[in-house]
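# What the coordinates show
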Amino acid sequence: MSTPSPDSLLGPADIRELAAVLGVRPTKQRGQNFVIDANTVRRIVRTAQVKPEDVVVEVGPGLGSLTLALLETADRVTAVEIDDVLAGALPATIAARMPDRADRFALVHSDAMEVTELPGPAPTALVANLPYNVAVPVLLHMLDTFPSIERTLVMVQAEVADRLAAAPGSKVYGVPSVKANWYAEVKRAGSIGRNVFWPAPNVDSGLVALTRRTEPVKTTASKREVFTVVDAAFAQRRKTLRAALAGWAGSAAAAETALVAAGVSPQARGESLTVEEFARIAEHAPNKEPGQQ
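Parameters at a glance
- Residues numbered from 1 in each chain as written.
- Predicted model: local features only at pLDDT ≥ 70, side-chain atom pairs only at ≥ 80, totals over all residues.
- Heavy atoms only, no water.
- Helix = DSSP H or I, 4+ residues; strand = E, 2+ residues; numbered from the N terminus.
- Rg over C-alpha atoms; globule rule 2.2 N^0.38 Å.
- Buried < 20%, exposed > 50% of the residue type's maximum accessible area, 1.4 Å probe, protein only.
- Contact = heavy atoms within 4.5 Å.
- Areas by Shrake-Rupley, 256 points an atom, 1.4 Å probe, with all protein chains shown as cover.
- Lys, Arg positive; Asp, Glu negative; His and termini not counted.
- Charge placed at Lys NZ, Arg CZ, Asp CG, Glu CD.
- Core = buried A, V, L, I, M, F, W, Y, C linked by side-chain atoms within 4.5 Å.
- Salt bridge = Lys/Arg side-chain N within 4 Å of Asp/Glu carboxyl O.
- Pairing = 2+ DSSP bridges.
- Axes fitted to C-alpha atoms, helices over the stretch in contact; angles between N-to-C directions.

## A few points about the overall build of the protein chain
A count of helical and extended segments in the protein chain gives 12 helices and 9 strands. Whereas a compact globule of 293 residues would reach a radius of gyration of roughly 19 Å, the protein chain reaches 21 Å, a difference of no more than 12%. For the protein chain, the spread of C-alpha atoms along the three principal axes comes to 65 × 40 × 30 Å. The burial tally for the protein chain puts 50% of its 293 residues in the buried class. Expressed as a percentage of contacts within the protein chain between residues at least 6 apart in sequence, the contacts between residues at least 24 apart total 71%. In the structure as shown, the protein chain presents an accessible area of about 13,400 Å², 51% of it carried by carbon and sulfur atoms. Across the protein chain, the mean location of the 31 positive side-chain charges is 7 Å away from that of the 32 negative side-chain charges.

Pasting the structure below:
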């Protein structure tokens, strides 16, 4: 692999010039904040442990700051972009900045939530600066749709990063924590300052690293059944599980029966349970026949 020139990445002046030429103004609606610091995108690639053999999928590449840094290391990069203008401009930016790597880049012009297949080899890693307003659903959709993704590093709002990486018993442990843990081991992987973005957001950002479980959660319940229990448990997080799962089970008494059968205290609250315990509860759902999937 040839070594890219030092100026192949985008700096603050490059980003603003490119945006001006395209008539692009970052929109709050799509949660767009473009990274303008080359050191930051290289740090993200290092933290993601991107290897020369990796096939990386990136969601929301914007003007291409992180895309170019990924192409320096990865074998291939596929970017998913919903914005018409940004999607139209990105291939030309890659060709101009990194011509010897342009054939290793592919663009999917689509809403990431609707992507069900990608061109080329199956992705091995997901690396993205995710728009704050859709970060969790996009992350879960990609992990669910592409089981070949072994490693993920996402930059999200610091509060969202804390929730995703929270352990049972934490005040911020909730639905995103449990659902992410269904797929992967999750941990905080650093913080990102506001001054590396244009425009600078009003919130801090954090990096979250996810490593795909080598063995899925052992359960006879389906993912949908487990997630239904998780959603019900946190819909009224101050209530005990006996009360919170009454609607799911049909009554508080039925919820208690399922909880006891699963070895979970009816007086416990959702924030104290692991994903494995939620799966056990789902296995004992009322009207679920033994062995039924």
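## Observations concerning the nonpolar core
Of all hydrophobic cores here, the largest spans 57 residues; its most connected members are L130, L210, V226, L245 and F278. Setting aside residues up to four positions removed in sequence, V226 forms contacts with W182, A221, F278, A279 and A282. Of all hydrophobic cores here, the second largest spans 39 residues; its members include L9, L10, V24 and A48.

## Overview of the pattern of salt bridges
All told, the structure shown has 13 salt bridges when counted by the stated rule. Here D14 makes a salt bridge to R97, at a shortest N to O gap of 3.1 Å. Placement of D14 in helix 1 (residues 12-22) and of R97 in helix 4 (residues 84-97) is noted, with a sequence separation of 83 residues between them. In the salt-bridge network here, residues are joined through shared partners; they are D75, R76 and R104.

## Observations concerning the sheet that holds strand 5 (residues 125-129)
What the 7 strands build is an open sheet, ordered 4-3-2-5-6-9-7; its pairing is mixed. Strands with a single pairing partner mark the edges of an open sheet, and in this sheet they are strand 4 (105-109) and strand 7 (184-192). When strand polarity is set aside, the average angle formed by the axes of neighbouring strands in this sheet is 20°. With 5 bridges joining them, strand 5 and strand 6 (residues 151-157) adopt parallel strand pairing. Bridge pairing in strand 6 links N129 to M155. Relative to strand 7, helix 2 (residues 38-47) is tilted by about 155°, and along the sheet it contacts strand 5, strand 6, strand 7 and strand 9 (205-212).

Function cannot be inferred from these measures alone, as they are strictly geometric.
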